[in-house]
Amino acid sequence: MAETTERSLVPDKELGANPSQGLRVLAFEVRSEKIGFAVFEGPTRLLDWGVRHFAHRKNHSEVALGKRIDTILHLYQPSIIVAHQRSDYRSRAKQRGLVMAAIQKEATGRSISFRVVDTKALRDFFLPYECKTKYEIASTLAEWFESLTWKLPLKRMPWHSEHHNLVIFDAVAAGVVFFAGMEPGSHSMLNNSCDLGWPFRWPLTDV
Amino acid sequence: MKHRMLGNYLRAHRRKSGLSLREVAVLLGYTDEGQVSRHERSETMPPLSVALAYEAIFRTPISTLFPGTYLDVKEATERRLAELEKSLHQRSAKDSGAGAVAHKLTWLKQRREV
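Just so it is clear, the structure is predicted and the values come from calculations on it, not from any experiment.

Caption draft 1: Geometry of the pattern of salt bridges. Across all of its chains, the model carries 19 salt bridges over all chains by this definition. Across the pair Arg110 of chain A and Glu106 of chain A runs a salt bridge, and its minimum N-O distance is 3.2 Å. According to the relative accessible area criterion, Arg110 of chain A is partly exposed, its value standing at 29%. The closest approach of N and O atoms between Arg14 of chain B and Glu40 of chain B, which form a salt bridge, is 2.5 Å. Here the residue Arg14 of chain B occupies a position in helix H1 (residues 10-17), and Glu40 of chain B occupies one in helix H3 (residues 34-40), the gap between them amounting to 26 residues. Its relative accessible area of 7% is what places Glu40 of chain B among the buried residues. Overlapping salt bridges bring together Glu29, Arg31, Lys134, Glu162 and Asp170 of chain A as one network.

So, in structure tokens, the structure goes:
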């Protein structure tokens, strides 16, 4: 049972111990005026996370966003950028589309692969873990990644707005789903990502 | 696929600890967080005493905290060791100090095998 926790797989001292084994992935959760990000090195090592806010002015979102994510890209030099494409509601879809396009442009400009994780893949992955709501997914991720536990907000009441930290968990979820859907030795998404489960059974090398 | 190695894992360890830049700066004996930020972004290299302090704070060897730098230094040193070994081999057994040369060559051979 011990192997089902992140700690048993990745003791603290191993962070960065063998970087060549981990594919560095930058996962984004895109909102209209902020993005949550999570940097993975391999499926179980979470290097960094956070939220970046940006102003949404006409024709300026691209520039503003570029500055916001430039530091992260420069610092971690990811091999792949993953972004969660929300398909469950249309509110502010245009703004989110602009942001997605800007991220894709940044990725292309830096020769970084760009992948999209859709909401269905995300839901399908977490359903076997009895996670139906975003909060349940965040709680599960907080268990898997102990360094995130303290970031988990209290469960909100229906009349409360979403806690700003939740966007970080959404980004982590996108990263997790991306890794779960990755076939060893390739960068393709599998349709049966749910069957692979968590923690990952395949060797963490050469992913 | 070959992954680019990070210069250092200072930020990753700091994020994991939950410490702020300011707090780490205080632990290192700096008056502000600027230096720590520059170390994290690999803009400047910390002096040995500060690198050892990072090791003490995060309980992680320097070579693991700075894998990119460590690899560069290691490769350059190995290259120089190979050159030294080559030059030692070229010395004649009749030269004065042949015993010392033989000892060094034995040590270099044993070092390689460890």
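Caption draft 2: The arrangement of the environment of His13 of chain B in detail. By the element assignment, His13 of chain B lies in helix H1. Linking His13 of chain B and Leu48 of chain B, residues 35 residues apart in sequence, is a C-alpha distance of 18 Å.

Rules used throughout
Every chain begins its residue count from 1, and numbering advances along the sequence as written. The order in which chains are written sets their letters, starting at A; the order in which ligands are written sets their numbers, starting at 1. Totals for whole chains, interfaces and linings use all residues, but because this is a predicted model, local features are given only for residues with pLDDT of at least 70 and pairs of side-chain atoms are given and counted only at 80 or more. Here the side-chain values reflect all heavy atoms present in the structure, with hydrogen atoms and water set aside. Salt bridge, as used here, is a side-chain nitrogen of Lys or Arg placed within 4 Å of a carboxyl oxygen of Asp or Glu. Classification of residues uses two cut-offs on accessible area relative to the type maximum, computed with a 1.4 Å probe and protein chains only: under 20% is buried, over 50% is exposed, and between them is partly exposed. Strands are runs of DSSP state E lasting at least two residues, helices are runs of H or I lasting at least four, and both sets are numbered from the N terminus onward.

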